[in-house]
Amino acid sequence: MPATYDAIGLNYASTRRPDPRIAAMVAEALGPADTILNVGAGAGSYEPAGRTLVAVEPSRAMIAQRAPGSAAVVQGVGEHLPFRDGTFDAVMATLTIHHWPDWRAGIGEMLRVASDRVVLLTFDPRVSHQFWLVQDYFPAISTLPTDSFSFDEVHAAFGGESHVVPVPAECTDGFLAAFWRRPKHYLDPTVRAGMSAFHGLSEHDLHTGLEALESDLQSGAWARRNAQLLAAETFDGGYRLLIRRK
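Residues numbered from 1 in each chain as written. Predicted model: local features only at pLDDT ≥ 70, side-chain atom pairs only at ≥ 80, totals over all residues. Heavy atoms only, no water.

Below, the discussion takes up empty space enclosed by the protein. A complete count under the given rule lists one cavity of 30 Å³ or more for this structure. What the largest cavity holds in volume is close to 260 Å³. If you trace the largest cavity, you find 20 residues lining it, with His98, Phe123, Leu176, Ser196 and Tyr239 closest to the centre. (1 Å grid on protein atoms, 1.4 Å probe; cavity = no way out; pocket = protein on both sides within 12 Å on 5 of 7 lines; lining within 4 Å. Points joined across faces, edges and corners; volume = space filled by probe spheres on them.)

Here it is, written out as structure tokens:
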């Protein structure tokens, strides 16, 4: 299977900068782990400093964007990790399993090569599809294959704890709900290029949604409809941090 981000991840390192508040949650979840495997590692978002880390990533475009001096990277997929059982203290994966052809196999592999814990940052489509961007402008996002998985099934297969990951109002990581209080950013094609959901939309759905959003921003309709968000500091966009201790 071609690596999805060979096509859509060309500017990922500039548009998807880790948010420090989310990074702190991930680092805390990893606990005292010294050796860590990052699966579906992309350009290296949320890889904690000061640890011994190895990355696995299928996309050459993403590997090429990893910063000089970052962790050693193996080109591969989560469903077939080339490591022995219990090789790493912890295994992590952030906002990636919705792209895996077989997330169940991937979770099984993560659990297999971890000796202490596995940390998974993902999202619950039931919550994320209530986001105003999806509800009011791009409803077709909720029908995309990458958004059709069941969080309950993922959690059941993974086990462990589930924690809400609040999205800060000034979130630096350009994932889909990052600009929940800064809607004009969704009109920027460079910003949208870092969001996989937009790449799955038809030209008609994309154009229609952008035209409606721009009109509502200019008329003030968006601000009137979402007035309560303008006073909020965080937002539940459906992002969830799962922690499984072995």
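Going through the model one piece at a time under the given rule, you end up with 15 salt bridges. Taking the shortest distance from any N to any O, the salt bridge between Glu170 and Arg182 comes out at 3.7 Å. Within this pair, whereas Glu170 is found in the loop between strand E7 (167-168) and helix H9 (189-193), its partner Arg182 is found in the loop between E7 and H9, the two being separated by twelve residues in sequence. Looking at Glu170, the relative accessible area reads 45%, which means it is partly exposed. If you follow the salt bridges from partner to partner, you end up with Glu170, Arg181, Arg182 and Glu233 in one network. (Salt bridge = Lys/Arg side-chain N within 4 Å of Asp/Glu carboxyl O. Helix = DSSP H or I, 4+ residues; strand = E, 2+ residues; numbered from the N terminus. Buried < 20%, exposed > 50% of the residue type's maximum accessible area, 1.4 Å probe, protein only.)

According to the stated counting rule, one finds twelve aromatic pairs in the structure shown. Ring geometry for Phe175 versus Tyr239: centroids 4.5 Å apart, planes at 45°, classification tilted. With a gap of 64 residues between them, Phe175 in the loop between E7 and H9 and Tyr239 in strand E9 (residues 239-245) connect regions that are remote in the sequence. Per residue, the accessibility class of Phe175 equals that of Tyr239, and both read buried. On the basis of an interplanar angle of 25° and a centroid distance of 5.4 Å, the ring pair of Trp180 and Phe235 is categorised as stacked. (Phe/Tyr/Trp six-rings, centres within 6.5 Å; stacked < 30°, edge-to-face > 60°.)

For the rest of this paragraph, the subject is the pairing of E9. Burial runs high along E9: five of the seven residues are buried. One ladder, built from seven bridges, connects strand E5 (residues 114-123) with E9; its direction is antiparallel. Following the sheet pairing, Thr122 is matched in E9 by Arg240. Both strand E6 (residues 161-164) and E9 contribute to a ladder of four bridges, which runs antiparallel. (Pairing = 2+ DSSP bridges.)

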